Amino acid sequence: MIFFQGYMKYWREDYSSILAYMYEHMIISLTVIALSITFSIPLAVYLTKIKSDLIKTITFNIANIFQTIPTIALLALVIPLFGIGFVPAVVALFLYSLLPLLRNTYAGMNSIDPGIIEAAKGMGYGTIQRLFKIELPVALPYIMSGIRVTSVYIISWTTLAALIGAGGLGDLVLAGIGYNDSMMIFTGTFLAIIIAISLDLVINKIEKIFSYS
Amino acid sequence: MNFITELAVYMAENSNELLALTIEHILMVACGIALSLVIGIPLGILAARFQKLAPVIISITNVIQLVPSLAMLAILMLYLGFGFKTIAIGLFLYSLLPIVKNTYVGIKEVDDGIKEAGIGIGMSPLQLLAKIQFPLSIPYLMAGLRLAAVIAVSVAAIGPYIGAGGLGKEIISGISLQDDIKIYAGAIPATLIAIIADLALGLVERKTKKRLA
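On a predicted model such as this, the values are computed, not experimentally measured, just so you know.

## As for the overall build of chain A
Next, step 1: Of regular secondary structure, chain A possesses nine helices and zero strands.
Next, step 2: If you list the helices and strands of chain A from N to C, you get α-α-α-α-α-α-α-α-α.
Next, step 3: Expressed as lengths along the three principal axes of its C-alpha atoms, the size of chain A is roughly 70 × 40 × 20 Å.
Next, step 4: Taking all 213 residues of chain A together, 39% fall into the buried category.
Next, step 5: In chain A, 75% of the contacts between residues at least 6 apart in sequence involve partners at least 24 apart.

What follows is the structure, given as C-alpha cells:
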C-alpha cells in the first residue's frame, strides 16, 4: 500500500517528463516503422518480379546480416557516420527492421495461387492493375503480420536508442539503473510493453478492416 | 584508410584485453543458453505432452520476449544485484522462447504413423519420447538454438550497464568517450561472434536435417 502511494506520488510529480519520454519513444518507433514499410514492401514486391536468383540471395543475405549484428553494436556503428541523437537511432533501427518485413512480404507474394494471376491476366488486367487489385490484397494477411511483428520488435529495440542519446523510454530505464530507482525502471518497462501491445491491437484492427472476406 | 590502420594498431595493442572481453562475452552467452536448454527442453516436452499446458507455457515465454532487453536486465538487477549471474539469467529468459517453441513444434510435427509404429512394437510413453519423438525433433531444436544464440549475443552486449563484462564494455566506453576506434574495436568482434554463431549453428541444423532425411 505504501509502495502504491509512493508510486502515485511519483507519477503526480513526474508525469510530464514520463509523457515526454513516451512521446519521444513513439516518434522514433513510428518513424522507423513508416520508413521500413515504404522501403521494404516495394523492395520485396520487386524481388518477386525479377528472375535473377543472385539479386534475391544477396538482398536477403544483407538483410540477414543486419539482423544478426547485436543491436547495441549496430547503434554504436552508426555514430561515426551520423553522430548521436534521433537520426542515427532511426537509421540503425531501420536497418534492423528490414528482414522480417522483407521476408513476410516476399512469402506472401509467392503464396498467391498462380490460377488467380492467370484469371486476372485473362480478364485483361495490366501489370500495375494486377498488382494493386489482385496480388497485394491477396498477400495482405502475410504483409500485415510482417508489419505487426516488426512493430512490436521496434518498440522493444527503441529502448536501446537511449544509449546513443536519442531519448525515449530507455532514458527512464537508464536513469533508474543509475539511481537504483525501481519505480523509474518499472514505469519505463511497462509503458514500452503497453505501447507494443496497443500497437499490435491497432494493426490487428486495420488488418480486419482491409482484408477481403 | 588512415582510420583502418589506426583501428588495427589499437586492436593489436589491446589484443589481450579484447580477447579477454571476447571470451567473457562467449562465456555469458554459453551460460545463458545452457540454462535455457536445461529448462526450455523439458518445458517444450511438457507443452507437447499436455495440450492444456501448451498455451500457458508458450504465452508466458512470449510475454518475456516482449519486455525490452535493457528493461529486463534492469529489473533483474534490482533483485539479483550486479554482475555475471544477473546477465546469465537475463540471457536465459531471453533465449527461452525459441527453444521452448521449437521443441514443442518439433515434437508435434513427428509423423503420427511413426508414433503408432512405436506404440505398436510395445514402447512405453517414456521410451516413445526418448527414442522417437525427441530424436526426430532435433532439427527444429537446432533452428531454435541458432535463433537463441544470435539473440543472446545481442543482449549480452548491453551487459555492462548492469555491471557485467563482455565486448559491450568496449562499445559503451567508446560511446561515452566519443571514441570511434573503441566503438569499432568492440562492435566488430561482437558482430563476428553473432555471425559465426549463426553460420555454425546453421551448419549443424542442416546436418541434423540431412541425417534424418
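## A word on the UniProt feature "domain: ABC transmembrane type-1" (unreviewed entry) in chain B
Next, step 1: Under the UniProt annotation, "domain: ABC transmembrane type-1" (unreviewed entry) lies at residues 22–205 of chain B.
Next, step 2: End C-alpha atoms of residues 22–205 of chain B are separated by 25 Å, and the span's content is 84% helix alongside 0% strand.

## Things to note about the UniProt feature "transmembrane region" (unreviewed entry) in chain A
All names here are of chain A.
Next, step 1: On the UniProt side, "transmembrane region" (unreviewed entry) is annotated at positions that read residues 20–46, 58–79, 85–102, 152–177 and 183–203 here.
Next, step 2: Within the segment residues 58–79, helix and strand shares are 86% and 0% respectively, and the terminal C-alpha atoms sit 26 Å apart.
Next, step 3: Along residues 152–177, the helical share is 73% and the strand share 0%, with 24 Å between the first and last C-alpha atoms.

## Some thoughts on the interface of chain B and chain A
Next, step 1: Listed by partner, the interface residues are 28 residues for chain B and 28 residues for chain A.
Next, step 2: Those elements that provide at least two residues to the side of chain B that touches chain A are α4 (69–80), α8 (125–156), α9 (168–177) and α10 (180–212) of chain B.
Next, step 3: It is α10 of chain B that provides the largest number of residues to the side of chain B that touches chain A, a total of eight residues.
Next, step 4: Residue classes in the side of chain B that touches chain A are distributed as 22 nonpolar, four polar and two charged.

## Looking at the environment of Tyr-21 of chain A
Residue and element names in this part refer to chain A.
Next, step 1: As for its placement among the helices and strands, Tyr-21 is situated in helix α1 (residues 2–49).
Next, step 2: Considered as a pair, Tyr-21 and Leu-169 are 148 residues apart in the sequence and their alpha carbons are 5.2 Å apart.
Next, step 3: Sequence-distant contacts of Tyr-21, defined by excluding residues within four places in its chain, comprise Gly-167, Gly-168, Leu-169, Asp-171 and Leu-172.

## Regarding the confidence of the model for chain A
Next, step 1: When pLDDT is averaged across chain A, the result is 88; 99% of the residues are at 70 or more.
Next, step 2: Highest mean pLDDT in chain A belongs to helix α5 (residues 86–110) of chain A (91); lowest belongs to α1 of chain A (87).

## Quick look at the environment of Ile-87 of chain B
Residues and elements named next belong to chain B.
Next, step 1: Topologically, Ile-87 is positioned in helix α5 (residues 84–94).
Next, step 2: Along the primary structure Ile-87 and Ser-15 are separated by 72 residues, whereas in three dimensions their C-alpha atoms are 24 Å apart.
Next, step 3: Aside from chain neighbours lying at most four places away, what touches Ile-87 is Met-28, Leu-73, Ala-156, Gly-159, Ile-162 and Ala-164.

## Focus: the UniProt feature "transmembrane region" (unreviewed entry) in chain B
All names here are of chain B.
Next, step 1: UniProt records the feature "transmembrane region" (unreviewed entry) for residues 26–46, 53–76, 82–100, 140–163 and 183–204 in the present numbering.
Next, step 2: Between the C-alpha atoms that bound residues 82–100 the distance is 27 Å, and the span itself is 84% helix and 0% strand.
Next, step 3: The distance separating the terminal C-alpha atoms of residues 140–163 is 34 Å; by composition the span is 71% helix and 0% strand.

## Digging into the packing of helix α9 (residues 182–210) of chain A against α4 of chain B
Next, step 1: Contact geometry of α9 of chain A with α4 of chain B gives a least axis separation of 10 Å together with a crossing angle of 150 degrees. Here the hand of the crossing between α9 of chain A and α4 of chain B comes out left-handed. Residue-level inspection shows Ser-182, Ile-185, Gly-188, Thr-189 and Ala-192 of chain A of α9 of chain A in contact with α4 of chain B, the latter providing Ala-71, Ala-74, Ile-75 and Leu-78 of chain B.

## Remarks on the packing of α5 of chain B against α8 of chain B
Residues and elements named next belong to chain B.
Next, step 1: Across the interface, α5 lies against α8 with an axial gap of 9 Å and an inter-helix angle of 145 degrees. The chirality of how α5 crosses α8 is right-handed. Side by side, α5 and α8 meet where Ile-87, Gly-90, Leu-91 and Tyr-94 of the first sit next to Ile-151, Ala-152, Val-155 and Ala-156 of the second.
Next, step 2: Here the residues of the contact of α5 with α8 are counted per class, giving seven nonpolar, one polar and no charged.

What counts, and at which threshold
Residues numbered from 1 in each chain as written. Chains lettered and ligands numbered in written order. Predicted model: local features only at pLDDT ≥ 70, side-chain atom pairs only at ≥ 80, totals over all residues. Helix = DSSP H or I, 4+ residues; strand = E, 2+ residues; numbered from the N terminus. Buried ≥ 20, exposed ≤ 12 C-beta atoms within 10 Å, placed from the backbone. Contact = placed C-beta atoms within 7 Å. UniProt positions renumbered as here; feature names shortened; annotations may be inferred. Nonpolar A, V, L, I, M, F, W, Y, C, P; charged D, E, K, R; others polar. pLDDT = per-residue confidence, 0-100. Axes fitted to C-alpha atoms, helices over the stretch in contact; angles between N-to-C directions. Left-handed = near helix turned anticlockwise from the far one by under 90°.

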